[in-house]
Amino acid sequence: MAHVLLIGNGAREHAIAEAIAGSQRSPRLYAFMKTNNPGIASLAEGTRIGRYNDLESIIAFAKEAKIDFAVVGPEDPLGHGVVDALLAAGVPAVGPTKALARLETSKSFTRNLLEKYRIPGNPCFRNFTSLDGIEAFFEGLTGIVLKPDGLTGGKGVLVQGDHFETPAEALDHCRAIFKDHPGLTVEEKLEGEEFSLQCFSDGRTVVATPPVQDHKRRFAGDRGPNTGGMGSYSCADHLLPFLDADAVSQGLEITRKVAAAIREETGVPYRGIMYGGFMITASGVKLIEYNARLGDPEAMNILPLLKTDFIDLCQAILSGGLDRLDIAFDRKATVCKYVVPKGYGLPADHPEAASTSSRIEIGPVQGARLYYSSIDRRSDGLYMTSSRAIGVVGIAADLPEAERIAERAVSAIRGPVDHRPDIGTEPLVRRRVDHMRQIKANTSHK
Ligand code: AMP
Ligand code: GLY
């Protein structure tokens, strides 16, 4: 009977906890969390609350609970080197060491790796450690994107047209970025539709999960500020309406080459999740970024579809046996909608900025799955904090039905909450398809 340590406290980790608890291998789940997640706690034998940079407490908890292996949910503990500490204490972990997590924590590491190993997918880019030469580099780009080096919680990237307009404004942003960050990647702005391809890697074999499309913008119609992700969908054919099998293979092929390049570069196999954020453009699939963990919300789309026993999957990742495991997903569509406090994602000085500690009530959710994120269970009920509160997932034979299930469940959650009603709906999906068609048509006329 495996004793499994889960590190993390969000809805993504609630979905991971469910996958662990649903295993036929009768594992015992222990959770180390930053704040108590009542959904995870209800599935766990034991929990510990602490900080993700407090490696001593994490190791002490792992020893007390006689942990056989760990699964790391979020990027923060990976960036702090939790996997290195666990390995030193004799506990294998699904998740990369600190050096390998640079795939996510250092944009320049990843861009350089692709370039050095001649892996396709990079846009035109250059890494800078000072302002020297930046303006000249801007001149050669049709659109500018600025990426600070280091973890920024998904909110550090600045895109021309979204966050600034002119090269002069871009230069001001660069100045500000160098105050907090040692480096900066400047790259060309790509045009297309984004998709998330979350892959399992044992260092030699890389297996893709169904592609998912996330929605970062806070409001319907892709308006408002970027957030951690307001919701996501996946389709029954394991493609997306604007993405064919060839494009998915391109993303997987890039990821396989990156896994091999990391092994070659560091001598260490990458054991964990390689989540490629890709964009399909007129000239094929391009890499936006890698994450060293499952997506939040995207984990909630793929884990409920996984037919393979999750403990077998983790053990195959750890032992290098992914090539011998049959990994299968239900051929169903999924729609995840995040229920958030009304003020979520708004600037702190905005009158409607997230109020903390609002109570919510959950009515009957008929067939949907709920994954708790920033939810506090008190004696008199459930309270939100200022962050995303509950991931609501509908699963069905097709996208419209999955969307209806999710939407019905969202309306059963009462309180000062908001969500994006458009995620997974036909008009929004059609816009994505039309967008891609338009990009391809424009290019063929040039
Ligand atoms: P990140 O914080 O790395 O997840 O990036 C945030 C968002 O910035 C991505 O989801 C893209 O929408 C956008 N982005 C990043 N790089 C590029 C690029 N080279 N071209 C266009 N958009 C980009
Ligand atoms: N959904 C975006 C992320 O997990 O980074």
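This text goes with the structure placed above it.
Predicted model only: the values in this text are computed from it and were never measured.

The next point concerns the site of ligand 2. The local shell around ligand 2 consists of Asp-214, Gly-228, Tyr-275, Asn-291, Arg-293, Gly-295, Asp-296, Pro-297 and Glu-298. Here a nitrogen atom of ligand 2 and a side-chain polar atom of Asp-214 are 2.8 Å apart. Contact distances for ligand 2 include 3.0 Å between an oxygen atom and a backbone N or O atom of Asp-296. In isolation ligand 2 has 190 Å² of accessible area, and contact with the protein removes 91% of it. Class assignment for the residues of the shell around ligand 2 results in two nonpolar, three polar and four charged.

Around ligand 1, a shell composed of 14 residues is seen, among which Glu-187, Leu-190, Glu-194, Lys-216 and Glu-289 lie nearest. Between ligand 1 and Glu-289, the relevant distance is 2.6 Å, taken from an oxygen atom to a side-chain nitrogen or oxygen of the residue. Within the residue set of the shell around ligand 1, elements represented by two or more residues are strand S7 (144–148), strand S9 (184–188) and strand S17 (284–291). The residue inventory of the shell around ligand 1, partitioned by class, reads five nonpolar, one polar and eight charged.

All chains considered together, the criterion is met by six aromatic pairs. Arranged with centres 6.4 Å apart and planes meeting at 50 degrees, the rings of Phe-32 and Phe-61 form a pair that is tilted. You can see Phe-32 sitting in strand S2 (residues 28–33) and its partner Phe-61 sitting in helix H3 (residues 55–64), a full 29 residues away along the chain. Residues Phe-32 and Phe-61 agree in their burial class; the two are buried. Among the aromatic residues, ring-to-ring pairing joins Tyr-30, Phe-32, Tyr-52 and Phe-61 into one connected group.

A few words now on the sheet that holds strand S3 (residues 46–49). Where strands meet in a sheet, backbone hydrogen bonds hold them as pairs that are either parallel or antiparallel. Taking strand neighbours across the sheet as the criterion, the five strands line up as S3-S2-S1-S4-S5 in an open arrangement whose pairing is parallel. Looking at which strands have only one partner, the edges of the open sheet turn out to be S3 and strand S5 (93–94). Pairing of strand S1 (residues 3–7) with strand S4 (residues 69–72), which is carried by four bridges, proceeds in the parallel orientation. If you follow Val-4 over to S4, its bridge partner there is Phe-69. Packed onto the sheet, helix H1 (residues 11–21) meets S1, S2 and S4 and runs at close to 170 degrees relative to S1. Against the sheet, helix H12 (residues 310–319) engages S1, S4 and S5, with an angle of about 100 degrees to S4.

Turning our attention to helix H14 (residues 426–444). Side chains three or four residues apart in an α-helix point the same way, a direct result of the helix having 3.6 residues per turn. Between its terminal C-alpha atoms H14 stretches 27 Å, which fits the 27 Å expected from 19 residues at 1.5 Å a residue. Taken residue by residue, H14 has Leu-428, Val-429, Arg-432, Val-433, Met-436 and Ile-439 as its buried positions. Burial along H14 is one-sided: seen end-on, the buried residues are contained in an arc of 145 degrees. Exposed residues on H14 whose side chains face more than 90 degrees from its buried face are Glu-426, Arg-437 and Ser-444. Packed against the buried residues of H14 are strand S10 (193–201), strand S12 (213–214), strand S15 (231–234), strand S16 (272–281) and helix H13 (399–411).

On to the packing of helix H7 (residues 107–116) against helix H10 (residues 245–266), then. At a closest axis distance of 10 Å, the pairing of H7 and H10 adopts a crossing angle of 95 degrees. It follows that H7 is roughly perpendicular to H10 by the angle criterion. Residue-level contacts link Leu-113, Leu-114 and Lys-116 of H7 to Val-258, Ala-261, Ile-262 and Glu-265 of H10. Here the contact of H7 with H10 is composed, by residue class, of five nonpolar, no polar and two charged.

Scoring rules and cut-offs
What you see as residue numbers is a count from 1 along each chain, following the sequence as written. All chains are assigned letters beginning at A, and all ligands numbers beginning at 1, according to the order in which they are written. For a predicted model such as this one, the threshold for reporting local features is a pLDDT of at least 70, and the threshold for listing and counting side-chain atom pairs is 80 or more; totals across whole chains, interfaces and linings nevertheless cover every residue. Just so you know, side-chain values use all the structure's heavy atoms and leave hydrogens and water out. To be near a molecule or strand, a residue needs just one of its heavy atoms within 4 Å of it. Side-chain atoms alone can form a polar contact between residues adjacent in sequence; in general such a contact is a pair of N or O atoms within 3.5 Å, and within protein one must be able to donate a hydrogen while the other accepts it. We get accessible surface area from the Shrake-Rupley algorithm with a probe of 1.4 Å; when it comes to residues, only the shown protein chains can shield them. Classification used: nonpolar for Ala, Val, Leu, Ile, Met, Phe, Trp, Tyr, Cys and Pro, charged for Asp, Glu, Lys and Arg, polar for all others including Gly. A run of H or I in DSSP counts as a helix once it spans at least four residues, and a run of E counts as a strand once it spans at least two, with each numbered from the N terminus. A pair of aromatic rings is counted whenever rings of Phe, Tyr or Trp (Trp by its six-membered ring) have centres within 6.5 Å, and the orientation is called stacked for planes under 30 degrees apart, edge-to-face for over 60 and tilted otherwise. Think of it in three bands: with a 1.4 Å probe and only protein chains considered, a residue is buried below 20% of the maximum accessible area for its type, exposed above 50%, and partly exposed in between. For two strands to pair, DSSP has to find at least two bridges joining them. Pairs of residues are marked as contacts when any of their non-hydrogen atoms sit within 4.5 Å. As a rule, the C-alpha atoms of each element are fitted with a line to give its axis, helices using only the stretch in contact, and angles between N-to-C directions run from 0 to 180 degrees. Each residue after the first adds 1.5 Å to the expected span of a helix. Arc definition: directions from the helix axis to the C-beta atoms. For classification purposes, angles smaller than 35 degrees are called roughly parallel, those larger than 145 roughly antiparallel, those between 65 and 115 roughly perpendicular, and all remaining angles oblique.

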